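Architecture and fold: a report
One-letter residues, chain by chain:
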Amino acid sequence: MMLDEILENNKKFVEEFEGEKLSHHPQKKLAILTCMDCRLTGFLEPALGIGRGDAKIIKNAGNNIVDEDAIRSIAAAIFNLGAEEVMVIGHTDCGMAGSDAKKLEKTMLERGIPQEEIDKYDLKSWIGGFKDEKENVLDNVDKIKNHPLIPNDVPIHGLMIDIVSGELEIVSDDR
Ligand SMILES: [Zn+2]
């Protein structure tokens, strides 16, 4: 199991790490909603020039706000933690682009999820797939901007990062 390897790695890490105390307030007063894609790990932050303690980073499947949870985190970053700027950052080659609800249903059934449970959900909207990564960034910038509990004086930018080169593209500039 990976758990054994992780625990072993952690033991080594703690032995070597000096330990440091940082504020839970993001030093760059920034909140980012981005994708859980494993290729963004250790890649997005250096590509943006942000380090430990600099920003609140909210990750989910496809940087797509399906229920209120990502909004809750963005609101907490703004109201409790002093974030003054928000960025939605999508990426090229996102695994959530073109995700297929029919295929998902089939896989769920194969894994033993009862049909009656699946039927309680509108799988297509529940899984939050989308056609185009850039359009998805714009949609989610709008969702944040139009949310009644998000203040109007917080700029909400939309960006795309190239998963190969790390180059950023502004999709929606809220300066
Ligand atoms: Zn993704």
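Reading the values: rules and limits
Each residue is numbered by its place in its chain's sequence as written, counting from 1. The predicted origin of the model limits local features to residues at a pLDDT of at least 70 and limits the giving and counting of side-chain atom pairs to 80 or more, whereas totals for whole chains, interfaces and linings rest on all residues. The basis for the side-chain values is all heavy atoms of the structure; hydrogens and waters are excluded. UniProt positions are given in the numbering used here, feature names are shortened, and annotations may be inferred rather than shown by experiment. Nonpolar cores were defined as sets of buried Ala, Val, Leu, Ile, Met, Phe, Trp, Tyr and Cys residues, with membership established by side-chain atoms within 4.5 Å. Categorising residues by exposure relies on relative accessible area from a 1.4 Å probe, with only protein chains included: less than 20% of the type maximum marks a residue as buried, more than 50% marks it as exposed, and the intermediate range marks it as partly exposed. For helices the rule is a DSSP run of H or I covering at least 4 residues; for strands it is a run of E covering at least 2, with both sets numbered from the N terminus onward. The contact rule is simple, with two residues in contact once any of their heavy atoms fall within 4.5 Å. Patches draw on residues past 30% relative accessible area with no salt bridge. Two like charges within 9 Å are joined, as are two nonpolar side chains (Val, Leu, Ile, Met, Phe, Trp, Tyr) within 5 Å. Residue-level accessible areas treat just the shown protein chains as cover; the underlying method is Shrake-Rupley with a 1.4 Å probe. Note on definitions: salt bridges are taken to be side-chain nitrogens of Lys or Arg within 4 Å of carboxyl oxygens of Asp or Glu. Only four residue types enter the tally: Lys and Arg on the positive side, Asp and Glu on the negative side; His and the chain ends are excluded. Taken as the charge location is NZ of Lys, CZ of Arg, CG of Asp or CD of Glu. Two strands pair under a simple rule: DSSP has to find at least two bridges between them. Orientation is described by lines fitted to C-alpha atoms, with helices fitted over the stretch in contact, and by angles between N-to-C directions that extend from 0 to 180 degrees.

In the nomenclature of an unreviewed UniProt entry, the protein is known as Beta-carbonic anhydrase 1 of Methanobrevibacter woesei. The record held by UniProt for the protein lists under Sequence similarities (unreviewed entry) the comment "Belongs to the beta-class carbonic anhydrase family."

Notes on the nonpolar core
If you look at the biggest cluster of nonpolar residues, it comprises 21 residues, and the most contacted ones within it are Ile74, Ile78, Val86, Ile144, Ile150 and Ile156. For this core, the secondary-structure elements that each account for two or more residues are strand E1 (30-35), helix H3 (69-79), strand E3 (85-91), helix H7 (133-145) and strand E4 (156-161). Aside from chain neighbours lying at most four places away, what touches Ile150 is Ile71, Ile74, Ala75, Ile78, Ile144 and Ile156. Of all hydrophobic cores here, the second largest spans 14 residues; its members include Cys35, Leu44, Cys94 and Phe130.

Quick word on a negative patch on the surface
Residues Asp132, Glu135, Asp139 and Asp142 make up a contiguous surface patch of negative charge. Within the secondary structure layout, Glu135 lies in helix H7.

A word on the pairing of E3
Regular strands place their side chains on alternate faces of the sheet. Counting buried positions over the 7 residues of E3 gives 6, a clear majority of the element. Two strands pair when backbone bridges link them, and E1 and E3 are joined in this way by 5 bridges, in the parallel orientation. When the bridges of E3 are listed, Ile32 appears paired with Met87. Taken together, the 6 bridges between E3 and E4 define a ladder with parallel strand orientation. Bridge pairing links Ile89 to Leu159 in E4.

Focus: the sheet that holds E4
Taken in spatial order, the 5 strands of this open sheet run E2-E1-E3-E4-E5, and their pairing is mixed. Of all strands in the sheet, those bounded by a partner on one side alone are strand E2 (55-60) and strand E5 (168-172). Across the sheet, the mean angle from the axis of one strand to that of its neighbour is 25°, orientation sign disregarded. Pairing geometry for E1 and E2, over 6 bridges, is parallel. In the sheet register, Leu33 faces E2, and the bridge partner there is Ile58. Docked against the sheet, H7 engages E3, E4 and E5, running at close to 160° with respect to E4.

With respect to a nonpolar patch on the surface
Taken together, the side chains of Met1, Leu3 and Leu7 present a nonpolar region at the surface, about 400 Å² in accessible area. Checked against the element boundaries, Met1 lands in the segment before helix H1 (2-16).

Examining the UniProt feature "binding site: Zn(2+)" (unreviewed entry) in the protein
Annotation from UniProt places "binding site: Zn(2+)" (unreviewed entry) at Cys35, His91 and Cys94. Across 60 residues, the annotated set stays spatially compact, with a maximum C-alpha separation of 8.2 Å. Among the secondary structure elements, His91 is positioned in strand E3. Here His91 falls in the buried class, since its relative accessible area comes to 0%. Among all residues touching His91, those that are not within four sequence positions of it are Cys35, Asp37, Arg39, Leu40, Glu133, Met160, Ile161 and Ile163. Within the secondary structure layout, Cys94 lies in the loop between E3 and helix H4 (101-110). Judged by its relative accessible area of 7%, Cys94 falls in the buried class. The residues contacting Cys94, other than those within four sequence positions of it, are Cys35, Gly62, Phe130 and Glu133.

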